[in-house]
Amino acid sequence: MFANSISKKDLLLLAVFTAAVLAGPIILKPIGAGYPDLLQKFAIYGIFALGFNILFGLTGYLSFGHAAFLGVGSYTAVWTFKLLSMNPVPAIIFATLMGGLFSALIGFISLRRSGIYFSILTLAFAQMCYNLAYSVLTPITNGETGLQLAQSDPRALDVAFGRDYGAVLPSSDLFGIEMTGYPGFYFCAVMLILCFFISMRIYRSPFGMMLRAVKSNQNRLNFTGIHTRPYALTAFVISGMYAGLAGGLLAVTDPLAGAERMQWTASGEVVLMTILGGAGTLLGPVIGAGAIKYFENIFSAFNEGILNNIFDFLPDALQHIAVSVSSMFVGEGWHLTLGALFMVIVIFLPGGLMEGVSRINNLIRRQPPDGGPGGAPHAAPAE
Amino acid sequence: MDAILLQILNGLDKGGAYALIALGLTIIFGTLGVVNFAHGALFMLGAFCAVAVKAVLNIQMVTIDPTKMTPWGAPMEIRQPYVEVWFGDFGTTLLDFSVPVSILLAIPIMLIIGIAMERGLIRYFYKRPHAEQILVTFGLAIVLQEIVKSYFGANPIPQPAPDMANGMIDFGILVGFDAGNVVYPAWRFIYFLFSTAVIAAVFAFLQFTTFGMVVRAGMADRETVGLLGIDIDRRFTIVFGMAAVVAGLAGTMYTPILSPDYHMGMDFLVLSFVVVVVGGMGSLGGAVSAGFLLGILQSFASMNEVKAILPGIDQIIIYLIAVVVLLVRPRGLMGRRGVMEQ
């Protein structure tokens, strides 16, 4: 029913994206990322970044509080597990709705201001949620320990349908398929594809056009008599729902929710994912999320021994220096790499990887056939 | 009555820290038009100046005393900090006063860091969108934090206040209440005095010196000042360094109140931003008064009587006030028209 309104190019993009995601385990195997735990993270944070991009990429409103919605989604999902059923479907539905509800509340207030004020307000609200989750709301969030499942949970729906998990701690399952390993990944992957499709529809819709207009010149829109705030708020709520869904999926694959998911570093991470991939592009955020999570995984696993092996070819003194310098960046110091990467991307490539790709494309295309014999790839004209 | 006085006093030191950070943020924003998300990291760096000074002063000389034996039969090692060996009593005093002494180190270091930051990074971002300024300073904050973490570890490092400031001051007697009702740690009062002094110094500098006059003119209309043949960029660089010093000093002196750890900066930064928003972006007086106001309100909210009625209010009072202020007075308490309203 949608097919006739989608352009051929988009359809192709969607098909390629679907194929790439579903074949993820095979494609990513050569770079050592072909195992389900990591793939799940790619998909989940891909959704998170996609949603963030609807707000930041389209309207230009830079929110620093999206981790709050992720955390809310996680808590909601775990509570749904505890109270209703171990089936992930109600969990993610409620997580998405709660994400939407919270973002509507926070967005309604934050969007009264734009620019820096908006960033600060969202940051403040996220910190507020984080503080509350740690202190007063401990009965709901279980504070520092994090919210966990327990054998004695009511699970009303499961009981009503006569499911009994016996004496073991249950894990989430979709009508009997356990949501761990590859089934868990494919569940997330289907969600990712769905989210990608929705965000593609938003991009191509008049609504998406309006959001882009908000970004490029809000004043002019106001002069034309268009009230922009409802549009921005809608975008904010949609991206909050994406974040809630991502949080819910995090809980589906690992039924545990902690307040540290709401910390400002987590908000910063999703900003980085979006920027790294390319804000305002369709594919960028997913690629950025994948890249960050992949490197996080690799860098965190490094230790001095591996580093010593890598720098083995250097003379001893140099090896020592190289190891001690680079060990600051790996393992525990992964956040340092993250911060440095953040700066490098913003300074040199504000359009992200997608801009980098298109720059290289331009270089190749602009190369005139008579530019040089053989057309050496580095002979791009300097401007 | 005495309870109210006590809560006001309790809010003053935290309010002082908020005011100092918010003041620096506002100065940077007013002069350079940049929102500095790394300002909290500067506060944290200042605090770690104190940690470093104490660590250096505490480098110990180890001598072996063959006449005494440990219970295990090995010769007793006597450890004594070098400063005490070299300077005797003066060295002991120096150790005791390590936090105030570190101010002497913090000022030049923070000035250098501030100027290096502005020249090396921030100046390339004047013409770029605000979102990118926020992001790059945010990245810088993470980098600074992590560097500190890799050197000093992730645990808070307690810093003692000088012995003479460890006691309590009984304010109740001063204003005629019964003794023992309004006692207040001396160091926190010193911090309050210190922060007011720094704030007064910054205002005096901007108000009464030629340099300050040029800076204020630059804040009002940068272009015209430039046309008059004044190198405003250079002055603004120094102003940035000054703001870094203010944040750093706030951090250095705060260490006896709150043991510094690597993420203390971000906790304060978020609150200071709220302070700036409440006070009104671009208004120095607004930033200072909102800083103290919110500090005091926060301490009132953490009274047990208040918490019994509204549990958790102490955690969120500042944000709630920010929400109310933004809904009622969108420009903040003392915000100027036309600032940040593009």
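Check the entry above for the structure.
Residues numbered from 1 in each chain as written. Chains lettered and ligands numbered in written order. Predicted model: local features only at pLDDT ≥ 70, side-chain atom pairs only at ≥ 80, totals over all residues. Heavy atoms only, no water.

Here's the deal with the overall build of chain A
The secondary structure content of chain A amounts to 18 helices and four strands. On C-alpha atoms alone, chain A measures out to a radius of gyration of 23 Å, which is about the 21 Å that the 2.2 N^0.38 rule sets for 383 residues. Considered along the principal axes of its C-alpha atoms, chain A spans approximately 75 × 70 × 40 Å. For chain A, with 383 residues in total, the buried portion stands at 51%. Pairs at least 24 apart in sequence give 75% of the contacts found in chain A among residues at least 6 apart. Here chain A has roughly 17300 Å² of accessible surface; of this, 68% comes from carbon and sulfur atoms. Each charge sign in chain A was given a centre, from 20 positive and 19 negative side chains, and these centres are 17 Å apart. (Helix = DSSP H or I, 4+ residues; strand = E, 2+ residues; numbered from the N terminus. Rg over C-alpha atoms; globule rule 2.2 N^0.38 Å. Buried < 20%, exposed > 50% of the residue type's maximum accessible area, 1.4 Å probe, protein only. Contact = heavy atoms within 4.5 Å. Areas by Shrake-Rupley, 256 points an atom, 1.4 Å probe, with all protein chains shown as cover. Lys, Arg positive; Asp, Glu negative; His and termini not counted. Charge placed at Lys NZ, Arg CZ, Asp CG, Glu CD.)

Some thoughts on a nonpolar patch on the surface
The grouping of A:Val89, A:Ile93, A:Phe94, A:Leu97 and A:Phe175 at the surface amounts to a nonpolar patch, some 500 Å² of accessible area in total. The class of A:Phe175 is exposed, set by a relative accessible area of 69%. (Patch = residues over 30% accessible without salt bridge, like charges linked within 9 Å, V, L, I, M, F, W, Y side chains within 5 Å. Salt bridge = Lys/Arg side-chain N within 4 Å of Asp/Glu carboxyl O.)

Notes on the pairing of strand S2 (residues 75–81) of chain B
Residue and element names in this part refer to chain B. Bridge count between strand S1 (residues 60–69) and S2: seven bridges; the pairing is antiparallel. Looking across to S2, one finds that Val 62 is bridged to Arg 79. From the end of S1 to the start of S2, which pair antiparallel, there are five residues, and Gly 73 there has a positive phi angle of about 90 degrees. (Pairing = 2+ DSSP bridges.)

Some remarks on the interface of chain A and chain B
In this complex, chain A contributes 36 residues to the contact, which on the side of chain B involves 42 residues. Summing both sides of the interface, chain A and chain B together bury roughly 3700 Å²; the carbon and sulfur share of this comes to 81%. The largest share of the area that chain A buries against chain B comes from A:Ile116, A:Tyr117 and A:Trp264, three residues that together contribute 20% of it. Here chain A and chain B share zero salt bridges between them. Taken together, the connections running from chain A to chain B amount to two residue pairs in polar contact (both at pLDDT 80 or more). Put simply, the parts of the chain that give the side of chain A that touches chain B at least two residues each are helix H6 (115–134), helix H13 (264–277) and helix H17 (334–348) of chain A. Per element, the largest residue contribution to the side of chain A that touches chain B is twelve residues, and it comes from H6(A). Grouping the constituent residues of the side of chain A that touches chain B by class yields 25 nonpolar, eight polar and three charged. (Buried area = accessible area lost by both parts, 1.4 Å probe. Polar contact = N/O pair within 3.5 Å; in protein donor to acceptor, adjacent residues only side chain to side chain. Nonpolar A, V, L, I, M, F, W, Y, C, P; charged D, E, K, R; others polar.)

A short note on the nonpolar core
Among the nonpolar cores identified, the biggest contains 214 residues, and A:Ile47, A:Leu249 and B:Phe37 are the most heavily contacted of them. A per-element tally of this core places helix H3 (residues 36–59) of chain A first, with 15 residues. For B:Phe37, the contacting residues outside a window of four places in its chain are A:Phe64, A:Leu123, B:Ile134, B:Thr137, B:Phe138, B:Ala141, B:Met266, B:Leu269 and B:Phe273. (Core = buried A, V, L, I, M, F, W, Y, C linked by side-chain atoms within 4.5 Å.)

Concerning the pattern of salt bridges
Evaluated as defined, the whole model comprises nine salt bridges over all chains. In this structure, A:Glu355 engages A:Arg359 in a salt bridge whose closest nitrogen and oxygen atoms are separated by 2.6 Å. Placement of both A:Glu355 and A:Arg359 in helix H18 (residues 352–366) is noted, with a separation of four residues, approximately one turn of the helix. Of the residues examined, A:Glu355 reaches a relative accessible area of 26% and is grouped as partly exposed. In this structure A:Arg359 comes out as partly exposed when scored by relative accessible area, which is 43%. With a closest N to O distance of 2.7 Å, B:Glu132 and B:Arg128 form a salt bridge. With a relative accessible area of 17%, B:Glu132 lands in the buried category. Exposure remark for B:Arg128: the relative accessible area of 22% places this residue in the partly exposed category. Shared partners join several salt bridges into a network, and the residues in it are A:Glu269, A:Lys293 and A:Glu296.

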